[in-house]
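So the chains spell out like this:
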Amino acid sequence: MAKPPANNTATKVSSFVLMIIFVTLALSLIALILAITAFSYGNEVVAGYLLLIGFLGVALSTYVLFQTRRRIMRLKIEIPPINTTVECPKCGTKTVREFQRGDYIFKELGPCQKCNDKMLITAIYREVKEKPGTQSPLR
Amino acid sequence: MLVFPKGELVEFTAIMGSLQSQVAQTDPFGEFSWILNILFYVVFIAFIFYGQRIQMYVMLREVEGSLFKLKYIKDEGRKTAIETIKEIGKPQTDPTARVDRFLEFFTLPPQSLDPAGIVWKLEHILDVRDVRLKDEVKLMAPSADDTQTNNLENTLEVAMTLNFIYKVIRHYYLLGKKTLSLYVIMQIQMILPLIMREAEAYASALKAFAYGQPIGDGAGSLVAAKLMHGHEIRKIPKDNVAATVPMEGRTAYVIKAEGPGGNVGKTGDAVKTVIEENEGKIATVIMIDAAMKLEGEEVGEIAEGVGAVIGGPGVDQFKIEETILKYHIPINGIVVKEDIGDNVAPMRKEIFDAVDKAVERVKQVILERTKEGDKVIIVGVGNTTGIAQ
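**Quick word on unusual backbone geometry**
Residue and element names in this part refer to chain B.
Argument step 1. That bond from Pro 237 to Lys 238 is cis: its omega, -25 degrees, falls within 30 degrees of zero.
Argument step 2. With respect to the helices, strands and loops of the structure, Lys 238 is situated in the loop between strand S3 (233-236) and strand S4 (240-247).
Argument step 3. With omega at 10 degrees, the peptide bond leading from Gly 259 into Pro 260 counts as cis.
Argument step 4. If you trace the backbone, Pro 260 turns up in the loop between strand S5 (250-257) and helix H8 (267-277).
Argument step 5. Positive phi is not limited to glycine here, since Leu 180 has a value of about 50 degrees.
Argument step 6. As for its placement among the helices and strands, Leu 180 is situated in the loop between helix H5 (146-179) and helix H6 (182-211).
Argument step 7. Notably, Glu 279 is not glycine yet its phi reads approximately 50 degrees, a positive angle.
Argument step 8. Of the residues examined, Glu 279 has 8 C-beta atoms within 10 Å and is grouped as exposed.

Shown next as structure tokens:
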């Protein structure tokens, strides 16, 4: 479930897009080389402009390349870990473990190791860690 | 050589040369600056005439990206449904063709030109649908027990919803591409973020239903389950359970859908049954359900009000309102706030913790709104997958 299938059309990146990215990257690198040449000839203004174009091109093409990679990575259905709390109603012994198929709230399990009473599933939940910066100050 | 109107003969190269030298003195790009100027005008004119078209292609590309994601989610839904059926139901034949047929299943609501009696027509159609879906699931998964059948039915319904979302978005995308109508594309592009959120929520619901994990919508059911646990449980119509629980000196009839399979029950029938059993002598009805939160509100916030807090197509809400009106019974509602994504996804810890607060709020309402010795009905509304009683 977590990994996208290799032959999925949704995960393919267009070769045309890749070509444009790499051509832009190559042109930007040429601009940077020309900037160095212009600088060595003493034409500082032209060198400055070429340097700016070169850096912008490199930044833009790398950004687009990473965005294309991110699109592939986003195509995953993330399943957060689910926890099951098992509790002894008599002595209060509490354990938290990973969810197992067949678990449900108020399911009776085997005997408690401390008091031999039947253990009970009291909670099944997932914990979500909020990404920093996603909380609005307008609360 | 160029011939000007006044008959002057001017050498073209000489003019260009002087122009270039003038430009070179002021422009850092020197002789190439005229190329940049032409380029600028070309881009400017292109944007004047083709701006909207360019914008449209950008929008189409955006919709296309989301459509690929929707296709992936939809395919995963189908795959999960087939795998779960094979795993649990142990069918003799490959269920793939039957699942594919099931994904295209539709339910047509009744005609509303004459709205009188539409609720009963809708209820009948929903009953027929429910029976049909259960029969289909039993045919697909003959070895599944009742709980597993309910969970499988829910899994297939989620896969069906994802398939429907994908098809609708694909329809508008292709229609927009075919007609090149900015307004068709714009409409779908504008609501796409909301649709994607919903689709992602359903994607996480797939595994929850397949494994029988409690979902956010089950908050109301969990409140009722906590109140009735340890007391004698009896079955009431339809697909519901009830328990008589002494609470703060009152008698509480606690109702919820029968778990732990994925089930919402016919709450309207259950409330009606209990009220009629007590000849309408009920001091108050308290309903607890999960409700959509607004952006900015906390997940698990509790709110209180009046009215029948129940979602769905409206049949149960109608029945409850009819019954309480007949016997003049006040109705109170308590809601646990959550996001659309949390509603169908496995239950978040914040919602689970809010359930205990909701139980306390129920007790508070009983103390404030009823007298000692009164009878009250407490209804936990919601899908009870993964929640027993």
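**A word on the packing of helix H7 (residues 219-228) of chain B against helix H11 (residues 349-369) of chain B**
All names here are of chain B.
Argument step 1. Two elements in contact, H7 and H11, have axes whose closest approach is 9 Å; the angle formed by their N-to-C orientations is 60 degrees. In terms of orientation, H7 and H11 fall into the oblique class. The crossing of H7 and H11 is right-handed. Contacts from Ala 219, Leu 222, Val 223, Lys 226 and Leu 227 of H7 reach H11 at Ile 351, Ala 354, Val 355, Ala 358, Val 359 and Val 362.
Argument step 2. Residues belonging to the contact of H7 with H11 are distributed by class as follows: 10 nonpolar, no polar and 1 charged.

**Side note on the domain arrangement of chain B**
All names here are of chain B.
Argument step 1. In terms of domain boundaries, chain B breaks down into domain 1 (52-209) and domain 2 (216-380).
Argument step 2. A straight line from the C-alpha centre of domain 1 to that of domain 2 covers 29 Å.
Argument step 3. Listed by partner, the interface residues are 19 residues for domain 1 and 13 residues for domain 2.
Argument step 4. Those elements that provide at least two residues to the side of domain 1 that touches domain 2 are helix H4 (118-140), H5 and H6.
Argument step 5. Per element, the largest residue contribution to the side of domain 1 that touches domain 2 is 9 residues, and it comes from H6.
Argument step 6. Looking at side-chain class alone, the side of domain 1 that touches domain 2 contains 8 nonpolar, 5 polar and 6 charged residues.

**Here we look at the nonpolar core**
Argument step 1. B:Val254, B:Ile255, B:Met287, B:Ile377 and B:Ile378 are the most contacted members of the largest nonpolar core, which has 96 residues in total.
Argument step 2. Contact partners of B:Ile255, with chain neighbours within four places excluded, come to B:Ala224, B:Asn240, B:Ala242, B:Ala270, B:Val271, B:Val274, B:Ile377 and B:Val379.

**Here's the deal with the sheet that holds strand S1 (residues 82-87) of chain A**
All names here are of chain A.
Argument step 1. Taken in spatial order, the 4 strands make up an open sheet running S2-S1-S4-S3, and their pairing is antiparallel. Unpaired on one side and paired on the other, strand S2 (94-98) and strand S3 (108-111) mark the two borders of the sheet. Strand-to-strand twist across the sheet, computed as the mean angle between neighbouring axes with direction ignored, equals 35 degrees.
Argument step 2. In this sheet, strand S4 (residues 118-126) lies alongside S3 in antiparallel orientation, the contact comprising 2 bridges. Following the sheet pairing, Pro 111 is matched in S4 by Lys 118.

**A look at the pairing of S5(B)**
All names here are of chain B.
Argument step 1. Taking burial as the measure, the 8 residues of S5 include 6 buried ones, the bulk of the element.
Argument step 2. Of the pairings in the sheet, the one linking S4 to S5 comprises 8 bridges and is antiparallel in character. In the sheet register, Val 241 faces S5, and the bridge partner there is Lys 256.
Argument step 3. The hairpin formed by S4 and S5 contains 2 residues between the paired strands, and Glu 248 there has a positive phi angle of roughly 50 degrees.
Argument step 4. Across 6 bridges, S5 lies against strand S9 (residues 375-380) in parallel orientation. Counted as the bridge partner of Tyr 253 is Ile 377 from S9.

**Brief notes about the sheet that holds strand S6 (residues 284-292) of chain B**
Residue and element names in this part refer to chain B.
Argument step 1. Spatial strand order, S3-S4-S5-S9-S6-S8-S7: 7 strands in an open sheet with mixed pairing. The two strands at the open ends of the sheet, each matched to only one other strand, are S3 and strand S7 (302-306). When strand polarity is set aside, the average angle formed by the axes of neighbouring strands in this sheet is 25 degrees.

**With respect to the interface of chain B and chain A**
Argument step 1. Facing 30 residues of chain B, the contacting portion of chain A comprises 28 residues.
Argument step 2. Of all the secondary-structure elements, those providing two or more residues to the side of chain B that touches chain A are helix H2 (33-89), H6, H7 and H11 of chain B.
Argument step 3. Here the side of chain B that touches chain A takes 8 residues from H2(B), the largest share from any one element.
Argument step 4. Across the side of chain B that touches chain A, the residue classes break down as 15 nonpolar, 9 polar and 6 charged.

Rules used throughout
- Residues numbered from 1 in each chain as written.
- Chains lettered and ligands numbered in written order.
- Predicted model: local features only at pLDDT ≥ 70, side-chain atom pairs only at ≥ 80, totals over all residues.
- Helix = DSSP H or I, 4+ residues; strand = E, 2+ residues; numbered from the N terminus.
- Buried ≥ 20, exposed ≤ 12 C-beta atoms within 10 Å, placed from the backbone.
- Axes fitted to C-alpha atoms, helices over the stretch in contact; angles between N-to-C directions.
- Parallel < 35°, antiparallel > 145°, perpendicular 65-115°, else oblique.
- Left-handed = near helix turned anticlockwise from the far one by under 90°.
- Contact = placed C-beta atoms within 7 Å.
- Nonpolar A, V, L, I, M, F, W, Y, C, P; charged D, E, K, R; others polar.
- Domains from an automatic or database assignment.
- Core = buried A, V, L, I, M, F, W, Y, C linked by C-beta atoms within 7 Å.
- Pairing = 2+ DSSP bridges.

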